[in-house]
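What follows is each chain in one-letter form.
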Amino acid sequence: MNELEYMRAEAPLEEPQRQYYFMKKGKELVTKLSEEAGHPLTFCVTTFGCQMNARDSEKLVGILEQMGYINEADEEKADFVIFNTCTVRENANQRVYGRLGQLSRIKKQNPYMMIGLCGCMMQEAEVVEKIKKSYRYVDLIFGTHNIYKFAELIVTRLESNRMVIDVWKDTDQIVEELPNERKYSFKSGVNIMFGCNNFCSYCIVPYVRGRERSRNPKDIVREIERFVADGVVEVMLLGQNVNSYGKTLEEPMSFAQLLQEIEKIEGLQRIRFMTPHPKDLSDELIEVMGQSKKICKHLHLPLQSGSTRILEKMNRRYTKEQYLNLVDKIRAAVPDISLTTDIIVGFPGETEEDFLETLDVVKKVRYDSAFTFQYSKRTGTPAAVMENQVSPDVVKERFERLLKEVQSISAEVCSVYKDTIQEVLVESVNDHDDSLVTGRMGNNLLVHFSGKPSLIGNLVTVKLTECHGFYYIGEQVCVKTDSEKTENKFQQ
Ligand code: SAH
Ligand code: SF4
Ligand code: F3S
């Protein structure tokens, strides 16, 4: 029996105990290699894609640190580089291949270097084939369903010296209680569900993230309580369609009910969530948002297209009118709500008329901001083989018109807060001027104001004095926490 077979035989079968066993074994191996190398082995995790991937990366970092690897911000200096990939649009994939190419030169110079690839791109068989053929220096490939097995996979690679590939088609498992290292001390993403069952016809996510499954509400609440005890004041509840939360649980529970449970957590100050699907945004949720003291007055409500004809082809299961009615209903219940959206331009068969319908919705809703995307063909999705793919020139021209409209409305909408007093969660020292700090209002707008780094993680009351389109300059008017109250005197 070799060392790896021995470990396998000895390892507990239940999770997460099995992974803690491999973290310990891995730590012994990493310590030995660090001694050989003459320096502690380092890692760098680079994340592509959405907040879901960002949260997954925090889990990867937690496991790596537990195994004795040290964080290194510079990808080119790290002994273990991990790309957590995204495949929602083709340009996300191209960036990964570009970066991988650059790493081959560096890997030749560092005998201890390993490269790991995970995330959504790895769920596509043709991607894995391409890497096996053209990027043979990659050490480890795994997918979205088995990131909890990261420690075991690293140990397998360290013991075997060959490329290790472990990608699962789907899973019904959710493994709780693994280590994770939050990027921010004061805010955190929290998975409430995984996967997606909606199959919008352009979208690859259901194929790479598998079927919808919800976490147990008790596990979610317990995790948030722990975060709060550790200094977190804001959580972002994450799911591809949070409105379907709880449907598959043994004791079904609605998303609105979950929000009410989370609202009760003492010390938690702000609740955000991403992403609700317009087709099943319930009256119950609107009511809960209207009454809540902690849920931010911000709703990201992806439109995708304003044309009912295109929406049907997209399999979005709402019409233009239903979407607009929903917006009216939300605004009636939560008058000062900020609305943001995602829009795709150039879906197959989109005509000028269809595009004008999208512009019409943009003008009617007047979003605070919008993410606009050029349609990207994803192999395996129904839209990829639809007729009348729109020519790149037309897509580009429409995209620019849309962007202009979105930006000019957004500048107008955002300017309404000038001279108002708002609560801002301070997130960082300003990138360009270190006498300023940067924070976010409940509606997600950025505010820069004069303040000390000690304000980071605090909710601060700020008067918004200058509007610069997408951000504000402000002045602190009072500080919320007791410790800060003594340190920072009233400023006007
Ligand atoms: N679950 C979320 C979105 C996940 S993907 C939702 O339903 O809103 C984030 C955004 O990427 C989508 O809202 C969509 O606007 C965009 N997107 C997804 N697939 C795309 C594609 N093939 N081409 C261009 N944009 C796409
Ligand atoms: Fe993709 Fe639609 Fe699911 Fe969002 S709801 S992840 S756009 S399939
Ligand atoms: Fe990308 Fe996967 Fe998120 S494809 S957008 S990282 S779910």
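Here, every reference points to the structure presented above.
Residues numbered from 1 in each chain as written. Chains lettered and ligands numbered in written order. Predicted model: local features only at pLDDT ≥ 70, side-chain atom pairs only at ≥ 80, totals over all residues. Heavy atoms only, no water.

J.: For this particular structure, what's the right way to read the packing of helix α3 (residues 51-66) against helix α6 (residues 150-160)?
T.: If you want to describe how two helices pack, look at the angle between their axes and the distance between the axes. Viewed as axis vectors pointing N to C, α3 and α6 meet at an angle of 55°, and their least axial separation amounts to 10 Å. Put simply, α3 runs oblique to α6. In the packing of α3 onto α6, the handedness of the crossing is right-handed. Residues Leu60, Ile63 and Leu64 of α3 lie in contact with α6, whose contacting residues are Phe150, Ala151 and Ile154. Of the residues in the contact of α3 with α6, the class split is six nonpolar, no polar and no charged. (Axes fitted to C-alpha atoms, helices over the stretch in contact; angles between N-to-C directions. Helix = DSSP H or I, 4+ residues; strand = E, 2+ residues; numbered from the N terminus. Parallel < 35°, antiparallel > 145°, perpendicular 65-115°, else oblique. Left-handed = near helix turned anticlockwise from the far one by under 90°. Contact = heavy atoms within 4.5 Å. Nonpolar A, V, L, I, M, F, W, Y, C, P; charged D, E, K, R; others polar.)

J.: How do you make sense of the pattern of salt bridges when you look at a structure like this?
T.: Note that side chains of opposite charge can pair when their charged atoms are close. Applying the stated criterion across every chain yields a total of 37 salt bridges. Arg8 is the salt-bridge partner of Glu152, the closest N and O atoms lying 3.6 Å from each other. In this pair, Glu152 sits in helix α6 while Arg8 sits in helix α1 (residues 3-10), placing the two residues 144 residues apart along the sequence. Judged by relative accessible area, Glu152 falls into the buried class, the value being 5%. (Salt bridge = Lys/Arg side-chain N within 4 Å of Asp/Glu carboxyl O. Buried < 20%, exposed > 50% of the residue type's maximum accessible area, 1.4 Å probe, protein only.)

J.: How should the site of ligand 2 be read in this particular structure?
T.: By nearness alone, every residue bordering ligand 2 is listed as Cys196, Asn198, Phe199, Cys200, Tyr202, Cys203, Val205, Pro206, Gln240, His277 and Arg316. Residue composition of the shell around ligand 2, by class: seven nonpolar, three polar and one charged. (Near = heavy atom within 4 Å.)

J.: How should I be thinking about the side chain of Asn191 in this particular structure?
T.: Counting through the fold element by element, Asn191 comes out in strand β7 (residues 187-191). Taking relative accessible area as the criterion, Asn191 reaches 2% and is therefore assigned buried. Here the side chain of Asn191 touches Lys59 through a polar contact of 2.8 Å, side chain to side chain. Ignoring sequence-local partners within four residues, the contact set of Asn191 consists of Met52, Arg55, Lys59, Arg215, Ile220 and Leu238. (Polar contact = N/O pair within 3.5 Å; in protein donor to acceptor, adjacent residues only side chain to side chain.)

J.: Explain the nonpolar core to me, please; I cannot follow it from the model alone.
T.: Buried together is how nonpolar side chains tend to be arranged in soluble globular proteins. Core analysis: the biggest nonpolar cluster contains 68 residues, and Ile224, Leu237, Phe255 and Ile262 have the highest contact counts within it. Not counting residues within four places of it along the chain, the set of residues in contact with Phe255 comprises Ile192, Leu237, Val242, Asn243, Tyr245, Phe273 and Leu285. Grouped together as the second largest cluster of nonpolar side chains are 33 residues, Ala11, Leu29, Ile82 and Val155 included. (Core = buried A, V, L, I, M, F, W, Y, C linked by side-chain atoms within 4.5 Å.)

J.: How do you make sense of the environment of Glu90 when you look at a structure like this?
T.: Within the secondary structure, Glu90 sits in helix α4 (residues 90-109). The exposure class of Glu90 is partly exposed, given its relative accessible area of 33%. Note: C-alpha distance between Glu90 and Thr379 (289 residues apart in sequence) is 9.9 Å. The contact partners of Glu90, leaving out residues within four places of it in the chain, are Ser376 and Arg378. Within the structure, the side chain of Glu90 is placed 2.7 Å from the side chain of Gln94, a separation counted as a polar contact.

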